[in-house]
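# Reading the structure
Residue-level listing of the chains:
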Number of protein chains: 2
Amino acid sequence: MIDGISPLDEAAMEAARALHARLTKPAGSLGALEELSVRLAGLAGECPPPLPEPAAVAIFAGDHGVHAQGVTPWPQEVTGQMVANFLSGGAVVNAFARQVGASVTVVDVGVVDDLGWGAGAGDRRAEERSDEDGVSRPFPAPSASAGEQRPGLVAAKVRAGTRDMTAQAALTREEVSAALEAGARVAFKLVDEGARVLVTGDMGIANTTPAATLIAAFTGSDAATVTGRGTGIDDYRYARKVAVVRTALEVHKPDPADPVGVLAAVGGLEHAAIAGFILGGASRRVPVILDGVIAVSAALAAAALAPDAVGAMVAGHRSAEPGATVALAHLGLEPLIDLGLRLGEGTGAVLAVPIVASAVRVLHEVATFDAAGVSEK
Amino acid sequence: MIDGISPLDEAAMEAARALHARLTKPAGSLGALEELSVRLAGLAGECPPPLPEPAAVAIFAGDHGVHAQGVTPWPQEVTGQMVANFLSGGAVVNAFARQVGASVTVVDVGVVDDLGWGAGAGDRRAEERSDEDGVSRPFPAPSASAGEQRPGLVAAKVRAGTRDMTAQAALTREEVSAALEAGARVAFKLVDEGARVLVTGDMGIANTTPAATLIAAFTGSDAATVTGRGTGIDDYRYARKVAVVRTALEVHKPDPADPVGVLAAVGGLEHAAIAGFILGGASRRVPVILDGVIAVSAALAAAALAPDAVGAMVAGHRSAEPGATVALAHLGLEPLIDLGLRLGEGTGAVLAVPIVASAVRVLHEVATFDAAGVSEK
């Protein structure tokens, strides 16, 4: 898969630039959207590139042994409870996805709670609970709008949470590989089902701690520079979180030239799965919109494994977490949205979906000066 | 109408804040979107406020006597040609509007070219050209997507372009009043037809010059601070444009306490109409998403006429024009999108439509901690 990830197509990008110059607007007047549309032409290898619709969000959920170090006031059980909330359509990411017409898939790659079903049993349980209209409805339906979709669950648990990275490696290399493969398989499945843009989502109480550690490891930044307040922790817990990140870096001395080793030492199962999801999208030349700090930490791992994968990445938004800005700069990506969001789930990336689609739509639908009979300067 | 514009409803805002605290997400984790949704509850006077759908874009078009001063390399005829492009669905704003499901209405408040029909004849001509399927199609249909709507034209020409503000007042007070009323009438019409969010658009070759002058007049800023390169002018024209703005300010010494006088001295017909459009939306307590520098210069006039109208304003984006940032700061508004756009037409504001809708949707659809069975920290 990684060998199949190749550079952007220069000829398609040149064709997109030339087309932009003929469209009825001043040159360059769409700012960052012109550059984005040119890049997506390069990714697709044609101009105009396909419209990035429909969009598919995949929320990768996992738990973290480092939770025991007191890095967050939220109990670990919330990860599984929020998976249930995603499946019943009641979370913010569901509301945003309904707004933009995106599907939502939840992937259990490492939740501690078995959610009442064993690994592999999730889809079966959903089927068992199909009700009179034949639609799988594993949790009560929300009181939501007409546009609501029924999110599906992919049961792909690699293990029930990671180990505590301050004491030992969070994962084995085999577990990292399994999570990478799980993420890639989800990308392939969604593209095979028709998705033309993929959107990263995540859920995992304590998962900003491994994200910060990954960002420090891949960018060489200090723990204090990349560690944020996650859900909004107080000064006491923040100092503890920075110390935990620093300890993990000192214990493992992760080598950025060995991305699987970095993920094993200080990563999370959802981080590894998102890296695989990005690589899967890139290998199919489908754009992947990155959400916040979890996604961009995973994107650093993906870029270390396959540098050309960056061509498929679209930074959906700038998370309020400081590590996100460090990671985006390292990747050379400018975010589309910057509204102080720090929720995760994929929320920031989903908001960017119509912007990405609009950028591509220009190349499909806007009239040229000649065709519209508009004079040039 | 202005007397009917009142402050935001504090009780509804408090209810929205209290609801946010119960929803399944960390407090404050939606950043600027939480503040926006609270403000829209205050505007509507209820929590949750109505979903801001459907959206209606109104593009106000006009020409400018100051064009004779060489502030832009684009010929004046482009204003009318772009009106035709909007009506045939071939401009960028049309593509973006199709993406977000917004309707597009074009309003001729002051185009020099009579577009082949006299004032008031636009709608009639469209009818005459209705073709076999009975749909008004005043210009050839674009090769566009299924979601395409047929934009309508409102013929409300106050006069064929303004006078050259470096030599005399651009407009009479009566002409300003007529344009304000035309804008308000369009707002009322769109709301009566079902729109639940209004979006400002504009077209007018040379119209960033009066916009910069209006911003200087209302904020007390220097000409060089608020004048930008518009469509992308060179250093020679830029120096000329700053000098023109400075001359207009010196000739008229506009008094910001007399907003109609300011609009008459240095404004444009589309600027005045957009001010009326904003006031019309505010009086109906419907949010108005502001586009770029033309819109925010008009918003300063609207705020001077009715300070509480600011409660209905949503800054859709930050234009690359420096005056836009000065005006937004004066209004106390933070933009939702900041992507270096400088096209006008309503393009930046249209991109913000799904973000505004998403912010409100949270209050309608997201589960509470209790209902979802999610533990709190």
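Residues numbered from 1 in each chain as written. Chains lettered and ligands numbered in written order. Predicted model: local features only at pLDDT ≥ 70, side-chain atom pairs only at ≥ 80, totals over all residues. Heavy atoms only, no water.

### Structural notes on the overall build of chain A
Check the secondary structure of chain A and you find 15 helices and six strands. Taking 377 residues into account, the globule formula puts the C-alpha radius of gyration at 21 Å, and chain A, at 21 Å, falls close to it. Dimensions along the principal axes, computed over C-alpha positions, put chain A at roughly 70 × 55 × 40 Å. Every one of the 377 residues in chain A was classed for burial, and the buried ones make up 64%. Taking the contacts inside chain A whose residues are at least 6 apart along the sequence as the reference set, 78% of them involve residues at least 24 apart. Carbon and sulfur atoms form 50% of the exposed surface of chain A, whose accessible area is close to 12200 Å². (Helix = DSSP H or I, 4+ residues; strand = E, 2+ residues; numbered from the N terminus. Rg over C-alpha atoms; globule rule 2.2 N^0.38 Å. Buried < 20%, exposed > 50% of the residue type's maximum accessible area, 1.4 Å probe, protein only. Contact = heavy atoms within 4.5 Å. Areas by Shrake-Rupley, 256 points an atom, 1.4 Å probe, with all protein chains shown as cover.)

### Describing the relation of the copies chain B and chain A
In the superposition of chain B on chain A (RMSD 0.0 Å, axial shift 0.0 Å), the rotation amounts to 180°. In the structure described here, the two chain copies are related by an operation that fits a two-fold rotation axis. Measuring from the rotation axis to each C-alpha of chain B, the shortest distance belongs to I337(B), at 3.1 Å. (Least-squares fit on C-alpha atoms with pLDDT ≥ 70 in both.)

### Focus: the packing of aromatic side chains
Throughout the structure, instances matching the rule amount to four aromatic pairs over all chains. Taken together, a centroid distance of 5.9 Å and an interplanar angle of 25° make the contact between F369(A) and W74(B) stacked. Remark: W74(B) occurs in the loop between β1 (55–62) and α3 (77–87) and F369(A) occurs in helix α15 (residues 369–372); the pair is interchain, linking two chains. Classification of W74(B) by relative accessible area gives buried; the value is 7%. Judged by centre distance (5.3 Å) and plane angle (65°), the rings of F60(B) and F277(B) are edge-to-face. On the criterion of sequence distance, the pair formed by F60(B) in strand β1 and F277(B) in helix α11 (residues 269–283) is long-range, its members being 217 residues apart. Taken as a pair, F60(B) and F277(B) share a single burial class, namely buried. For the cation-ring pair, R229(A) lies above Y238(A), with the distance from its terminal atom to the ring centre recorded as 4.8 Å. (Phe/Tyr/Trp six-rings, centres within 6.5 Å; stacked < 30°, edge-to-face > 60°. Lys NZ or Arg CZ within 6 Å of the ring centre and 35° of its normal.)

### So, the nonpolar core
Counting residues in hydrophobic clusters, the biggest one holds 275 residues, and the most contacted among them are M313(A) and L33(B). Those residues within four positions of M313(A) in sequence are excluded, and the remaining contacts are R39(A), I278(A), V288(A), L290(A), A299(A), A302(A), A303(A), L331(A) and L333(A). (Core = buried A, V, L, I, M, F, W, Y, C linked by side-chain atoms within 4.5 Å.)

### A look at the pattern of salt bridges
The full count for this structure, using the stated rule, is 26 salt bridges over all chains. With a shortest N-O distance of 3.3 Å, R318(B) and D338(B) are connected by a salt bridge. Separated by 20 residues along the polypeptide, R318(B) in the loop between β6 (313–315) and α13 (322–331) and D338(B) in the loop between α13 and α14 (347–365) bring together distant segments of the chain. A relative accessible area of 22% means that R318(B) is categorised as partly exposed. One connected set of salt bridges, linked through shared partners, spans R98(A), R361(B) and E365(B). (Salt bridge = Lys/Arg side-chain N within 4 Å of Asp/Glu carboxyl O.)

### What to know about helix α13 (residues 322–331) of chain A
All names here are of chain A. All of the buried residues along α13 are G323, A324, A327, L328 and L331. Axial view of α13: buried residues confined to an arc of 135°, hence all on one face. Tucked into the core, α13 has its buried residues touching α7 (208–219), α8 (223–226), α12 (293–305) and β6 (313–315). (Arc of directions from axis to C-beta.)

### Notes on the sheet that holds strand β2 (residues 103–110) of chain B
Two pairing modes exist for strands in a sheet, parallel and antiparallel, and in both the strands are linked by backbone hydrogen bonds. All names here are of chain B. The strand order β3-β2-β1-β4-β5-β6 describes an open sheet built from six strands, whose pairing is parallel. Only two strands of the sheet have a single neighbouring strand rather than two, namely β3 (152–155) and β6. Ignoring which end each strand starts from, the neighbouring axes of this sheet average 30° apart. In this structure, strand β5 (residues 288–290) lies alongside β6, joined through three bridges in parallel fashion. The residue of β6 that forms the bridge with V288 is M313. Here α14 sits on the sheet in contact with β1, β4 (197–203), β5 and β6, set at roughly 135° to β5. (Pairing = 2+ DSSP bridges. Axes fitted to C-alpha atoms, helices over the stretch in contact; angles between N-to-C directions.)

### A closer look at the packing of helix α6 (residues 173–192) of chain B against helix α10 (residues 259–266) of chain B
Residues and elements named next belong to chain B. Packing of α6 against α10 leaves a shortest axis separation of 9 Å and a crossing angle of 105°. Taken as axis vectors, α6 and α10 run roughly perpendicular relative to one another. Contacts between α6 and α10 involve R173, V176 and L180 on the former and, on the latter, V260, G261, L263 and A264. Here the contact of α6 with α10 is built from residues that sort into five nonpolar, one polar and one charged. (Parallel < 35°, antiparallel > 145°, perpendicular 65-115°, else oblique. Nonpolar A, V, L, I, M, F, W, Y, C, P; charged D, E, K, R; others polar.)

### Points about the interface of chain B and chain A
With 56 residues of chain B in contact, the opposing surface of chain A contributes 56 residues. Summing both partners gives a buried area of about 4800 Å² for chain B against chain A, and 62% of it is carried by carbon and sulfur. Among the residues chain B hides against chain A, the three largest losses belong to Q99(B), L339(B) and K377(B). Together they make up 14% of the total. Linking chain B with chain A are two salt bridges. The residue E365(A) makes a salt bridge to R98(B) at a minimum N-O spacing of 2.7 Å. (Buried area = accessible area lost by both parts, 1.4 Å probe.)

### Brief notes about the environment of A327(A)
Mapped onto the secondary structure, A327(A) falls in helix α13. In the structure, A327(A) is positioned 105 residues away from D222(A) in sequence and 13 Å away in space, judged by C-alpha atoms.

### A short note on the pairing of β2(B)
Sheet faces and side chains relate simply in a regular strand, where the side chains alternate between the two faces. Residue and element names in this part refer to chain B. Most of β2 sits out of view: seven of its eight residues are buried. Across seven bridges, the pairing between β1 and β2 is parallel. Bridge pairing links V57 to V104 in β2. In the sheet, β2 pairs with β3 via four bridges, with the strands oriented parallel.

### Observations regarding the sheet that holds strand β2 (residues 103–110) of chain A
Residues and elements named next belong to chain A. Taken in spatial order, the six strands of this open sheet run β3-β2-β1-β4-β5-β6, and their pairing is parallel. Each having just a single partner strand, β3 (152–155) and β6 make up the two edges of the open sheet. Between one strand axis and the next, the sheet turns by 30° as a mean value, whatever way the strands run. In terms of strand pairing, strand β1 (residues 55–62) meets strand β4 (residues 197–203) through seven bridges, oriented parallel.

### Section: the environment of T347(A)
All names here are of chain A. If you trace the backbone, T347 turns up in helix α14 (residues 347–365). C-alpha separation for the pair T347 and A95, spaced 252 residues apart in sequence, amounts to 9.2 Å. Among all residues touching T347, those that are not within four sequence positions of it are V92, V93, F96, D291 and L341. A polar contact is formed between the side chain of T347 and the backbone oxygen of G344, at a distance of 2.8 Å. (Polar contact = N/O pair within 3.5 Å; in protein donor to acceptor, adjacent residues only side chain to side chain.)

That is the geometry; function is a separate question.
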